[in-house]
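Single-letter residue listing:
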Amino acid sequence: MDYVIEMLNIRKEFPGIVANDNITLQVIPGEIHALLGENGAGKSTLMSILFGLYKPDKGIIKVKGKEVNITNPNVATQLGIGMVHQHFKLVHNFTVTENIILGMEEVRGGAIDIKSAANRIEELSKLYGLKVDPYAKIEDISVGMQQRVEILKMLYRNAEILIFDEPTAVLTPQEVGELMNIMRRLVKEGKSIILITHKLKEIKAIADRCTIIRKGKGIATVEVAETSTEKMAELMVGRKVSFSVQKAEPVLKDVYLKVENLIVKDNRGLEAVKNVSFEIRGGEILGLAGVDGNGQTELVEAITGLRKVESGKIILNGQEIQNLDVRKRSEVGLGHIPEDRHKHGLVLDFYLEDNMILENYYKEPFSSRGILNRTEIRKYSDRLINEFDVRSGQGSKTITRSMSGGNQQKAIIAREIDKSPLVLIVAQPTRGLDVGAIEYIHKRLVEERDKGKAILLFSLELDEILNVSDRIAVMYEGNIVGIVDSKQTNENELGLMMAGSKGGHESE
Ligand SMILES: Nc1ncnc2c1ncn2[C@@H]1O[C@H](COP(=O)(O)OP(=O)(O)OP(=O)(O)O)[C@@H](O)[C@H]1O
């Protein structure tokens, strides 16, 4: 068999952890090859090696049968390897064309030849059905379009082997469908794709083969058409995974969170939340659904104290909190798992244990008379790491930045759930998490609800909203268009409401 890429017996060690332990990955020309593994299994490390960002400690890489030494990304590019990273690498006030040619500008008559570059980009865009305007500015185009610019960047450099690192994590369901069509087009034109994703449905829909790694070791490479999603999940986690959330009927308590006629503006000064009212009782989970950008983020930020309220009230257990600062809100019983984990959830250059006490460091037992008690902090952090299975090289003493994305998220979730606040605001909690971790997080959220806490769950994943919530509020253009019972609704009805039609029951 001729392979376009062969990574043979790759080993890579970081302090305290073997991230890749004798992994082999072989890619057939023209296939979509999925790479599946738990958070921290070593997928990004393996791809960083292929892209020349890390040097392997052991192992051989062959491109089209020839052994190569990929010392940096430029070498990878010359070998026809391109990568779309999870966090795009684009200059926001540059145009599409300027971004794509960055670093390989052709100069004609003393000036950079933008026009011929733009023409070539237009041709590529047409060939692969990307519909990108070469003259648009990055800051003016959607996230889905920005991703296509990253794809064009690879194509412009004649990449033949395309690596996608969790490309659908940031996309809306519609954009996911479009990306899949683009990928199909890419392989039809002879490209080969390596796809990192946690979404088994996506692997089923688009991949030919799938290599599964667990805790740094290669477990198996399977033919996707012949392997069930349950089997892939089991190979990846090492045990059977349940995809449905078990929960008893809710036992309702008092209203713990009441939002009244809330108006909130977005960054541009426009009303993003327009006169929104709802209540959540103790003992229930209210899902917040909607197409991305319909005011959900601003609503969550206003409740948690990250954004100013223009007018209206937020009442937590009888107390108005809309004018309190973040710490005060936390003290009266509000917890928050933020959407943007890097910006609002963690200090990346802190040790993991310091992130675990970020909101409580000034309290007993973590400090007394202004002095931190390191022993207690360590004890607490070790317990959370253990309970929530947060994996990292050096436990509590790991610098948070070096942890895999999924494990950073697990650390925030551990911290917020362990505080067991009266009202927990949860935004996109399982983005980037593997199926085993998702199962666990859902179970813990339901446990909090069963303890009588009130939970607001904002998610763009309809499956998650339907599975976990008791009631579902749908937002459209800054308003709640309806609140429905999750047992009496389905994806279709929610889909219609997300497009603006009123649901079965009117909002309160
Ligand atoms: N630069 C680094 N320094 C120290 N440790 C690292 C570094 N990069 C990765 N690691 C560790 O190596 C392990 C594998 O991480 P990697 O990012 O490859 O996992 P992953 O499978 O991509 O996970 P996720 O699905 O969560 O993104 C993790 O335990 C991580 O903490």
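Parameters and conventions
Along each chain, residue indices are assigned from 1 in the same order as the chain's sequence is written. In keeping with the predicted nature of the model, local features appear solely for residues at pLDDT of at least 70, side-chain atom pairs appear and are counted solely at 80 or more, and the whole-chain, interface and lining totals rest on all residues. Helix and strand definitions follow DSSP, with helices as H or I runs of at least four residues and strands as E runs of at least two, each counted in order from the N terminus. Atoms counted for the radius of gyration: C-alpha only. Globule rule: 2.2 Å times residue count to the power 0.38. Contact between two residues is assigned when their C-beta atoms, built from the backbone, lie within 7 Å. Reported domain spans reflect what an automatic or database domain assignment gives. Gly is put with the polar residues, along with every residue not named as nonpolar or charged; the nonpolar set is Ala, Val, Leu, Ile, Met, Phe, Trp, Tyr, Cys and Pro, and the charged set is Asp, Glu, Lys and Arg. UniProt positions are given in the numbering used here, feature names are shortened, and annotations may be inferred rather than shown by experiment. By definition, two strands form a pair when at least two bridges between them are found by DSSP. A fitted line through C-alpha atoms represents every axis, and for helices the fit uses only the stretch in contact; the resulting angles, taken between N-to-C directions, go from 0 to 180 degrees. Three exposure classes are used. Buried residues have 20 or more other C-beta atoms within 10 Å of their own C-beta, exposed residues have 12 or fewer, and partly exposed residues fall in between, all C-beta atoms being placed from the backbone. By convention here, the C-beta atom is placed from the backbone, and a residue is near a molecule or strand when that atom is within 6 Å of it. In these notes, a nonpolar core means any group of buried Ala, Val, Leu, Ile, Met, Phe, Trp, Tyr and Cys residues linked to one another through C-beta atoms within 7 Å.

**Student:** Whenever I open this one, the overall build of the chain confuses me. Can you help?
**Tutor:** Regarding its fold elements, the chain presents 17 helices and 24 strands. A globule of 508 residues ought to have a C-alpha radius of gyration of about 23 Å, and the chain, at 24 Å, matches this closely. Across the chain, every contact between residues at least 6 apart in sequence was considered, and the portion connecting residues at least 24 apart equals 68%.

**Student:** Explanation requested: the environment of glutamate 416 in the structure shown.
**Tutor:** Tracing the backbone shows glutamate 416 in helix α14 (residues 405–419). Separated by 78 residues in sequence, glutamate 416 and proline 338 place their C-alpha atoms 10.0 Å apart. Setting aside its immediate chain neighbours within four residues, glutamate 416 contacts Gly335, His336, Ile337 and Leu424.

**Student:** Explain the domain arrangement of the chain to me, please; I cannot follow it from the model alone.
**Tutor:** Often, the extent of an interface is quoted as the loss of accessible area upon association of its parts. Domain annotation for the chain reports domain 1 (5–237), domain 2 (251–333 + 421–508) and domain 3 (342–420). Summarising the inter-unit geometry, the C-alpha centres of domain 2 and domain 3 are found 26 Å apart. On the domain 3 side, the residues contacting the 14 residues of domain 2 number eleven residues. Among the elements that make up the side of domain 2 that touches domain 3, the one with the highest residue count is helix α15 (residues 435–450) (four residues). Split by residue class, the side of domain 2 that touches domain 3 holds seven nonpolar, two polar and five charged.

**Student:** Explain the UniProt feature "domain: ABC transporter" (unreviewed entry) in the chain here, please?
**Tutor:** When the UniProt feature table is mapped onto this chain numbering, "domain: ABC transporter" (unreviewed entry) sits at residues 5–240 and 257–502. As annotated, residues 5–240 has a helix share of 34% and a strand share of 28%, and its two end C-alpha atoms lie 32 Å apart. Structurally, residues 257–502 comprises 35% helix and 26% strand, and the distance from its first C-alpha atom to its last is 24 Å.

**Student:** Hey, could you run me through the sheet that holds strand β22 (residues 454–458) in this one?
**Tutor:** What holds strands together in a sheet is hydrogen bonding between their backbones, with the strands either parallel or antiparallel. Judged by pairing direction, the sheet is mixed, and its six strands sit side by side in the order β18-β21-β22-β15-β23-β24 without closing on themselves. If you trace the sheet from one side to the other, it starts and ends with β18 (334–337) and β24 (479–485), each paired once. When strand polarity is set aside, the average angle formed by the axes of neighbouring strands in this sheet is 20°. Examined bridge by bridge, strand β23 (residues 471–476) and β24 share six bridges and lie antiparallel to one another.

**Student:** I'm lost on the sheet that holds strand β16 (residues 311–316) in this one. Help?
**Tutor:** The four strands lie next to each other as β14-β13-β16-β17, forming an open sheet whose pairing is antiparallel. Single-partner strands in this sheet number two, and they are β14 (271–281) and β17 (319–320). Bridging between strand β13 (residues 255–265) and β16 involves five bridges; their strand directions are antiparallel. The residue of β16 that forms the bridge with leucine 257 is leucine 316.

**Student:** Would you take a moment to explain the pairing of strand β10 (residues 192–196) for this structure?
**Tutor:** Every other side chain in a regular strand lies on the same face of the sheet, so the side chains alternate between the two faces. In terms of burial, β10 is a largely internal element, four of the five residues being buried. Taken together, the four bridges between strand β3 (residues 32–37) and β10 define a ladder with parallel strand orientation. Paired with alanine 34 across the two strands is leucine 195, which belongs to β10. Inspection of the sheet shows strand β9 (residues 161–165) paired to β10 by five bridges, in the parallel sense. Looking at the pairing, aspartate 165 lines up with isoleucine 196 of β10.

**Student:** How do you make sense of the site of the ligand when you look at a structure like this?
**Tutor:** What surrounds the ligand is a group of 20 residues, the closest being Asn39, Ser44, Thr45, Ser404 and Gly406. Mapped onto the shell around the ligand, the elements with two or more residues apiece are β2 (17–27), α1 (43–50) and α14. Tallied by class, residues from the shell around the ligand come to five nonpolar, 13 polar and two charged. When residues of the shell around the ligand are sorted by domain, at least three fall in each of domain 1 (5–237) and domain 3 (342–420).

**Student:** How should I be thinking about the nonpolar core in this particular structure?
**Tutor:** In globular proteins that are soluble, nonpolar side chains generally tend to be buried together. Residues Leu50, Ile425, Val426, Leu456, Leu457 and Val474 are the most contacted members of the largest nonpolar core, which totals 125 residues. The element that contributes the greatest number of residues to this core is α15, accounting for six residues. Residues within four places of leucine 457 in sequence aside, it is in contact with Ile285, Gly287, Leu288, Val426, Ile465, Val468 and Ser469.

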